[in-house]
Amino acid sequence: MKPLALILISLNLAACQTFNLDFLKPQQEEAVEERIPDDPNHAQLYHLMKANRARMKAENPQSKLSHKTIISELLPGEQADIEIELDAGQHYTLFANCTDTCHDLDLALTPSDNLRQTVAADTSGDTPAPVLRYTPARSGKYRASIIMASCHTASCQYSLQTYISPDKPPVK
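All figures in this text were calculated on a predicted structure; none of them were measured in a lab. (Residues numbered from 1 in each chain as written. Predicted model: local features only at pLDDT ≥ 70, side-chain atom pairs only at ≥ 80, totals over all residues. Heavy atoms only, no water.)

Before we go on, may I ask you to explain the pattern of salt bridges in this structure?
Two side chains with opposite charge may pair up if their charged atoms get near one another. Throughout the structure, instances matching the rule amount to four salt bridges. Here Arg138 makes a salt bridge to Asp113, at a shortest N to O gap of 3.0 Å. With a gap of 25 residues between them, Arg138 in the loop between strand S7 (131–134) and strand S8 (140–151) and Asp113 in the loop between strand S5 (102–111) and strand S6 (120–122) connect regions that are remote in the sequence. The exposure class assigned to Arg138 is partly exposed, which follows from its relative accessible area of 42%. Via salt bridges that share partners, Arg55, Glu59 and Arg133 belong to a single interconnected network. (Salt bridge = Lys/Arg side-chain N within 4 Å of Asp/Glu carboxyl O. Helix = DSSP H or I, 4+ residues; strand = E, 2+ residues; numbered from the N terminus. Buried < 20%, exposed > 50% of the residue type's maximum accessible area, 1.4 Å probe, protein only.)

Would you explain the state of the cysteines in this entry?
Disulfides are covalent bonds that connect the sulfur atoms of two cysteines. Throughout the structure, instances matching the rule amount to two disulfides. In this model Cys98 forms its disulfide with Cys102; the gap between the sulfur atoms is 2.0 Å. Here the disulfide of Cys98 and Cys102 is left-handed, its torsion about the S-S bond being about -70°. For the pair shown, Cys98 and Cys102 are each scored as buried. (Disulfide = S-S within 2.5 Å.)

Explain the packing of aromatic side chains here, please?
We describe a pair of aromatic rings using the distance from one ring centre to the other and the angle between the two ring planes. Under the criterion given, the structure shown has two aromatic pairs. Ring centres of Phe95 and Tyr163 lie 5.9 Å apart, and the angle between their planes is 85°; this geometry places the pair in the edge-to-face category. With Phe95 in strand S4 (residues 92–98) and Tyr163 in strand S9 (residues 156–164), this pair connects stretches of sequence that are 68 residues apart. Taking the relative accessible area as the measure of exposure, Phe95 reaches 2% and is therefore buried. (Phe/Tyr/Trp six-rings, centres within 6.5 Å; stacked < 30°, edge-to-face > 60°.)

Without other data, these values stay purely geometric and don't point to any function.
As structure tokens, this is what we get:
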């Protein structure tokens, strides 16, 4: 090869190394990873919780989870009590879901300092997905009670999501 050609190639390579040419690379969007659980019961709860989120966003785009999502399991007739802190004047929606092995799941909300006073409940029966909407008059600790009224297997898995809807109450 001729010395002049080698010099020109060397200069071109040096120029490419000197300048950042990253803008020439095709831009790739960051992949959104949606991991559906392997366990069929968890996968079913995942889809139900995703539907709850879509419902809340449709009702009020500013809605967001206000508490950590609970996923657990109960025996038929068993109850789980979860203490949550609620702020006065804020609009909350609680969703409980259970898998298709569950026939009836109930949900009730009581102030932690007066467990005899139910402030909201969905115990209508024959629903695996009760929903509560509540705007507390006073801030404080409340107890969300999930009752596995009917389960077709030895135990049933459930989830509890608590959403807050700023500025306006969610649609009833």
